[in-house]
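# Breakdown of the fold
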Amino acid sequence: MAQDDPVVSAQWLHQHLGAPDVKVLDASWYMPVENKNPWEEYQVAHIPGAVFFDIDSIVDRTTDLPHMLPSEEAFAAAVSALGIKNQDKVIVYDGKGFFSAPRVWWMFRVFGHNKVWVLDGGLPQWRASGFDLGSASPDDAVLKSKTANKAVERVYNGELTNTITFQTEFQPHLFWTLEKVAHNVDAKSYQQVDARSKGRFDGVAPEPREGVRSGHIPGSKCVPFPEMFDDAPRLLSADELRQKFQQAGISLNHPIVVSCGSGVTACILALGLYRIGKHDVPVYDGSWTEWEAQSDSDYPKATTTA
């Protein structure tokens, strides 16, 4: 485990599983079109001792945008309910290998907790390594997840929450808003990198969300998130990752901001960039879903035509 690397191996986690300061989170999440239920999957099979982190519940309850970053108070209440303290090492995984876990890795970092890693290759790699899975969900693990979701609701309702054992320290440089991105379209101080597929970026393939047009924020470059990992799936080496960004015309010597469809897969790019030493890459939380919904005159949309 290295502080300057964002992932740990299945072997490392297997050796340290059960240590009092190692907390494991199942952050599985799927696109609506996939018709999969991560909560049910967790209850059927998960890494022993893992607690479920619900990306769609530990969210900002004041917006219609999907799974936006919650307030500091709401995040602290939820993470406290999950039994996590500031001294803990947090290991996050998901059912696909590299999909939603990096989003939770980023959330912890935005709130000042740097002792957080993604399980390299996630549940597929854990299974491939031949390690045991928990099939029964202990009552206390289920209760923790439900209490965490309820804690967020209580905060947004202005009610008192349970004891807070996790202190946050917001890192604004890792979190970008619509206004920051709009300013950057003109200022061009940051290179904007989009994690969606080339078809969606170019405006020739449909978005998975109903009513959302495809296309991209003007001036953006496209690096589809699957380019960050191999078939295992495991995160590529630093040299391979550098090559991916350079091939897309991105200078690693200049600042980068990442976005995607709704703020999830952008975090996979942030993870890859972290491995090559860029530890301060912000994520545009609202991403394309928010940008596309704005007026075209104030927030222009671009497509790539042959």
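Cut-off values and rules
Residues numbered from 1 in each chain as written. Predicted model: local features only at pLDDT ≥ 70, side-chain atom pairs only at ≥ 80, totals over all residues. Heavy atoms only, no water. Helix = DSSP H or I, 4+ residues; strand = E, 2+ residues; numbered from the N terminus. Buried < 20%, exposed > 50% of the residue type's maximum accessible area, 1.4 Å probe, protein only. Contact = heavy atoms within 4.5 Å. Areas by Shrake-Rupley, 256 points an atom, 1.4 Å probe, with all protein chains shown as cover. Lys, Arg positive; Asp, Glu negative; His and termini not counted. Charge placed at Lys NZ, Arg CZ, Asp CG, Glu CD. Core = buried A, V, L, I, M, F, W, Y, C linked by side-chain atoms within 4.5 Å. UniProt positions renumbered as here; feature names shortened; annotations may be inferred. Pairing = 2+ DSSP bridges.

## Points about the overall build of the protein chain
- A tally of helices and strands in the protein chain yields 11 helices and 10 strands.
- When the backbone C-alpha atoms are referred to their principal axes, the protein chain occupies close to 55 × 45 × 35 Å.
- In the protein chain, which comprises 306 residues, the share counted as buried stands at 53%.
- Within the protein chain, contacts between residues separated by at least 24 positions form 78% of all contacts whose residues are at least 6 apart in sequence.
- Only carbon and sulfur atoms are counted for the fraction: they give 48% of the accessible area of the protein chain, which is about 13200 Å².
- When the 28 positive and 39 negative side-chain charges of the protein chain are each reduced to one mean point, those points stand 2 Å apart.

## Points about the nonpolar core
- Formed by 65 residues in total, the largest nonpolar core has its most connected members in Leu25, Phe53, Phe108, Phe245 and Val258.
- Sorting the residues of this core by element identifies α3 (72-81), β4 (89-93), α4 (101-110), β5 (116-119), α6 (139-156), α9 (238-247), β9 (256-259) and α10 (266-275) as the ones contributing at least two each.
- Among the elements that make up this core, the one with the highest residue count is α10 (8 residues).
- Apart from residues no more than four positions distant in its own chain, Phe245 is found in contact with Val193, Val223, Met228, Ile250, Leu252, Leu269, Leu273 and Ile276.
- If you look at the next biggest cluster of nonpolar residues, it comprises 15 residues, including Ala10, Ile47, Tyr93 and Leu119.

## What to know about the UniProt feature "domain: Rhodanese" (unreviewed entry) in the protein chain
- Annotation from UniProt places "domain: Rhodanese" (unreviewed entry) at residues 18-135 and 186-300.
- A helix fraction of 29% and a strand fraction of 14% characterise residues 18-135, whose end C-alpha atoms lie 17 Å from each other.
- Each end of residues 186-300 is marked by a C-alpha atom, and these two atoms are 11 Å apart; helix forms 30% of the span and strand 10%.

## Looking at unusual backbone geometry
- Cis geometry marks the peptide bond from Ala232 to Pro233; its omega dihedral reads -5°.
- Along the polypeptide, Pro233 turns up in the loop between β8 (221-222) and α9.
- Of note, His67 is a non-glycine position whose phi angle comes to about 35°, a positive value.
- Mapped onto the secondary structure, His67 falls in the loop between β3 (51-52) and α3.
- The phi torsion at Ser287 lies on the positive side, around 50°, for a residue other than glycine.
- Mapping Ser287 onto the fold places it in helix α11 (residues 287-293).

## Section: the sheet that holds strand β1 (residues 7-8)
- A sheet is described by the order of its strands in space; here 5 strands give the open sequence β1-β5-β4-β2-β3, paired in parallel fashion. Either end of the sheet is taken by a strand with one partner, and the two such strands are β1 and β3.
- Summarising the sheet, β1 and β5 pair through 2 bridges and their orientation is parallel. Counted as the bridge partner of Val7 is Val118 from β5.

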